[in-house]
Amino acid sequence: MAKHKEYSKTFGIFYDNFRRFCREMAAAGELSDHPAEQFRDFFLKNYAQSIDDATSFQLFVRDVHHELVHIYMTDAHLQNFLKQAEVKDLSGIKKYIADNGSRVIVNEDDEMQHLSEGSNLAFCLHIPDERQGYVFCYSLYENEELRIFVAHGMEQFHLSSIDYENKNSIVYTDPEINEIAHFAINMIAYISCFPDCLTDGAPHGIKTENNHRLATSEKVLDLQEPSAGGIVNPHFRRGYFKRLESDFYKNKKGQIIFVHETVVNAQAKTLE
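Residues numbered from 1 in each chain as written. Predicted model: local features only at pLDDT ≥ 70, side-chain atom pairs only at ≥ 80, totals over all residues. Heavy atoms only, no water.

A.B. asks: Mind showing me how you'd approach the overall build of the protein chain here?
C.D. replies: The number of helices and strands found in the protein chain is seven helices and 14 strands. Considering the protein chain as a whole, with its 272 residues, one finds that 43% of them fall into the buried category. A separation threshold of at least 6 residues defines the contact pool for the protein chain, and within that pool the share at least 24 residues apart is 52%. (Helix = DSSP H or I, 4+ residues; strand = E, 2+ residues; numbered from the N terminus. Buried < 20%, exposed > 50% of the residue type's maximum accessible area, 1.4 Å probe, protein only. Contact = heavy atoms within 4.5 Å.)

A.B. asks: What exactly am I supposed to notice about the confidence of the model for the protein chain here?
C.D. replies: Detailed reading of the predicted coordinates is not advisable wherever pLDDT falls low. Per-residue confidence for the protein chain averages 84 on the pLDDT scale, and 84% of its residues sit at or above 70. When the elements of the protein chain are averaged for pLDDT, strand E14 (residues 267–271) gives the smallest value, 45, and strand E1 (residues 69–73) the largest, 95. Scored below 50 in pLDDT, residues 263–272 shows 18 contacts in the model against residues more than four places distant or in partner chains. (pLDDT = per-residue confidence, 0-100.)

A.B. asks: Would you explain the environment of Arg 62 in this entry?
C.D. replies: One can find Arg 62 in helix H3 (residues 51–64). Judged by relative accessible area, Arg 62 falls into the partly exposed class, the value being 26%. As for Arg 62 and Ala 36, which are separated by 26 residues in sequence, their C-alpha atoms are 9.2 Å apart. Polar contacts involving the side chain of Arg 62 include one to the side chain of Asn 120, which spans 3.1 Å. (Polar contact = N/O pair within 3.5 Å; in protein donor to acceptor, adjacent residues only side chain to side chain.)

A.B. asks: I would appreciate a short explanation of H3 in the present structure.
C.D. replies: Because the α-helix completes a turn every 3.6 residues, residues three or four places apart line up on one side. The end-to-end C-alpha distance of H3 is 20 Å, a good match for the 20 Å that 14 residues give at a rise of 1.5 Å each. Extensive coverage of H3 is indicated by the burial of ten of its 14 residues. Those residues of H3 lying buried are Asp 52, Asp 53, Thr 55, Ser 56, Phe 57, Leu 59, Phe 60, Val 61, Asp 63 and Val 64. Phi turns positive, to about 60°, at His 66, one or two residues after H3. (Expected span 1.5 Å × (residues − 1).)

A.B. asks: For this particular structure, what's the right way to read the side chain of Gln 79?
C.D. replies: Structurally, Gln 79 can be placed in helix H4 (residues 77–84). Gln 79 sits in the buried class, given a relative accessible area of 3%. Setting aside residues up to four positions removed in sequence, Gln 79 forms contacts with Met 73, Ile 127, Glu 130, Tyr 134 and Phe 183.

A.B. asks: For this particular structure, what's the right way to read the packing of aromatic side chains?
C.D. replies: The relation between two aromatic rings is expressed through the spacing of the ring centres and the mutual angle of the planes. Under the defined criterion, the tally for this structure stands at 31 aromatic pairs. Relative to Phe 60, the ring of Phe 57 lies with its centre 5.4 Å away and its plane at 50°, an arrangement referred to as tilted. Of this pair, Phe 57 and Phe 60 both sit in helix H3, three residues apart, which is roughly one turn of that helix. You can call Phe 60 buried: its relative accessible area is 0%. Ring-pair connections join several aromatic residues into one group, and the members of that group are Phe 11, Phe 14, Tyr 15, Phe 18, Phe 21, Phe 39, Phe 42, Phe 43, Tyr 47, Phe 57 and Phe 60. A cation sits over an aromatic face here: Lys 83 above Phe 183, 5.5 Å from the ring centre. (Phe/Tyr/Trp six-rings, centres within 6.5 Å; stacked < 30°, edge-to-face > 60°. Lys NZ or Arg CZ within 6 Å of the ring centre and 35° of its normal.)

Here you go:
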């Protein structure tokens, strides 16, 4: 019998405190008909200390209302591949957010003084046999800036596509943020490149709504022989994702593809 997988949680601390808040308010006869919004106002007034806190909590409220998609990665090794794969450009990522995100009003500064229309896409990512999952939120502005918010347990990251234009930015100088940025960007590239790997449904025992499974494509794997115990550890190909923009690609122009590297006579080559 296959071993039952446990998956990482998202918004765990928020849900624990939300349930406690509801119990206390109900016992005092003060729980409103909209408890999530009541808890949001309480949290923002008493605990939020930054724009990251506010963003994370707004996403939590959306999750309470079943508005966020939950993606369950079937193979934990896939996240390591996506964290390490090189990022060539963001044009395909921006196009995917524009095509698949919801039209929203976004703020261009932390003071909410400059508002514009944009596209927003957010989801929760669950990893097998890990404690903390990820919450990703992508906002594309009218000026083509892409802002990415990532929550991982108690850690929160705000990333901007402008940072990729500055090779001295923290995205390049901080190894942890560099890895998180690669993961967030390559997640979208991978889903766009291999849409058949994202299927409806949840793993056994999962009861949340809006669930999807994310499988590992054979196109990013090298075939490996089983070990003595019959276990096959996946070995991922070296490569990167890129968007085809040349008119040469008549049928695939505009699509994101995976370009893998191979070694010929001790020199790295690329194969599309």
